[in-house]
Amino acid sequence: MVCHVRYRHRHAARIRSLVLSTRDLLVLAFCVAGILGAWLAYGVTGSGNHGATAAGEPAAIVLSGRLPDPLAQATMPAAGAQAAESVAKTDPVALHAVPLPAEPLAAGGAAPAAPPAPSYPAAAAPQRIIYPAAGMDVVVHPLEPESVDAASHSIVPPETMDGYWLANLGTPGAGSVNTSYVIGHSWEGLDAPFNHLSSAAAAGDELTVATSTGAITYRVDSVTTYTKATLKDSPIWAVVPNRLVLISCYTEDPWGKNVAVVASPLPGR
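Only a predicted model underlies this, so the values are computations on that prediction, with no experimental measurement involved.

### Quick look at the overall build of the protein
When you go through the protein residue by residue, the secondary structure sums to six helices and eight strands. Reading the secondary structure of the protein in the N-to-C direction produces α-α-α-β-β-α-β-β-α-β-β-α-β-β. Burial analysis of the protein (269 residues in total) assigns 29% to the buried set. Here the protein displays about 17,800 Å² of accessible surface, and carbon together with sulfur accounts for 63% of that area.

### Points about a nonpolar patch on the surface
Together, Leu28, Val32 and Leu36 make up an exposed nonpolar region whose accessible area comes to about 260 Å². If you trace the backbone, Leu28 turns up in helix H2 (residues 22-46). Judged by its relative accessible area of 47%, Leu28 is partly exposed.

### Topic: the pairing of strand S2 (residues 136-143)
Where strand S1 (residues 126-131) meets S2, four bridges bridge the pair, whose relative direction is antiparallel. Bridged to Arg128 within S2 is Val139. Hairpin connection of S1 to S2: four residues between the antiparallel strands, including Gly135 at a positive phi of 60°. The pairing of S2 with strand S3 (residues 163-166) spans four bridges and is parallel. Within S3, the residue paired with Val140 across the bridge is Gly163.

### So, the confidence of the model for the protein
This prediction gives the protein a mean pLDDT of 75; 63% of its residues lie at or above 70. When the elements of the protein are averaged for pLDDT, helix H1 (residues 2-18) gives the smallest value, 46, and S1 the largest, 97. Residue range residues 1-13 is modelled with pLDDT below 50. Its contacts to residues more than four positions away, or to other chains, number zero contacts. Ignoring residues within four places in sequence, the model shows residues 91-98, a span with pLDDT below 50, making 13 contacts including any to other chains.

### Describing the nonpolar core
Ile129, Tyr131, Val182, Leu197, Leu207 and Leu246 are the most contacted members of the largest nonpolar core, which has 23 residues in total. What Ile129 contacts, discounting residues up to four positions off in sequence, is Met136, Asp137, Val138, Val140, Val182, Leu207, Thr208, Val209 and Leu246. Of all hydrophobic cores here, the second largest spans 14 residues; its members include Leu143, Trp237, Val245 and Val262.

### Concerning the pattern of salt bridges
When their charged atoms lie close together, side chains carrying opposite charge are able to pair. Counted according to the given criterion, the structure contains three salt bridges. For Arg219, the salt bridge identified is with Glu206, shortest N-O distance 3.2 Å. Placement of Arg219 in strand S6 (residues 214-227) and of Glu206 in strand S5 (residues 206-211) is noted, with a sequence separation of 13 residues between them. Overall, the relative accessible area of 29% leaves Glu206 in the partly exposed class.

### Side note on the pairing of strand S8 (residues 257-265)
For S8, the buried fraction is high: seven of the nine residues fall into the buried class. Pairing between S6 and S8: nine bridges, direction antiparallel. Opposite Ser222, over in S8, you have Val262 as the bridge partner. The pairing of strand S7 (residues 244-249) with S8 spans six bridges and is antiparallel. The residue bridging Ser248 from the neighbouring strand is Val259, located in S8.

Quick notes on the rules
- Residues numbered from 1 in each chain as written.
- Predicted model: local features only at pLDDT ≥ 70, side-chain atom pairs only at ≥ 80, totals over all residues.
- Heavy atoms only, no water.
- Helix = DSSP H or I, 4+ residues; strand = E, 2+ residues; numbered from the N terminus.
- Buried < 20%, exposed > 50% of the residue type's maximum accessible area, 1.4 Å probe, protein only.
- Areas by Shrake-Rupley, 256 points an atom, 1.4 Å probe, with all protein chains shown as cover.
- Patch = residues over 30% accessible without salt bridge, like charges linked within 9 Å, V, L, I, M, F, W, Y side chains within 5 Å.
- Salt bridge = Lys/Arg side-chain N within 4 Å of Asp/Glu carboxyl O.
- Pairing = 2+ DSSP bridges.
- pLDDT = per-residue confidence, 0-100.
- Contact = heavy atoms within 4.5 Å.
- Core = buried A, V, L, I, M, F, W, Y, C linked by side-chain atoms within 4.5 Å.

Shown next, in the form of structure tokens:
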């Protein structure tokens, strides 16, 4: 009897342990309600912003080989254009999707202007030559040589200390078509202007030729001595517009040699 009662008490305790109490049911109900409420709130507000980037947070860059949608360019924000250009310069895939801006053209769309042509006074007969380094300041007169003398390049100027411009050849200044020649005698025992070409003239010197239209500055290119037999066939007779050649007897051998000073004009001087 006692044993039977004990077993019945034990069996009742087991049944009571399987039945939830009122407190447990309340706790379970609150949990279920919380889960349902969270699910409903997510369904209403979470689906529209799912995956959206928070305000102020930079968008992630996905490194993939897939080309972006070309239609997206039409709606690309202005603020992101510079970023897209930066990516296009470094990403070989993006180069096909984001066009780079064209290089700016030169002002006016024209090529740079060419440098201006040298400016000289209009071509005119030389009237005076001033050659400071050679101590030379001489008046120049026109001389029209005989045709035979001009053809043989054997021209003898008048016996004065002045200079003589060969008028049948070049004229110094703008529009010149040939070399300008000025010749003069060297004198033994006298301080004649042309004597100084033999003793003082040097390459790099500057001299000035004055004309009725203005003055032209020249720089000496060379100072050369020729025998009288070779002078007539020397390079000084080549046609070079606006070049200047001064010719005189060589003072150390006035009967056997000549000295020739060749000079070129300096633009804008």
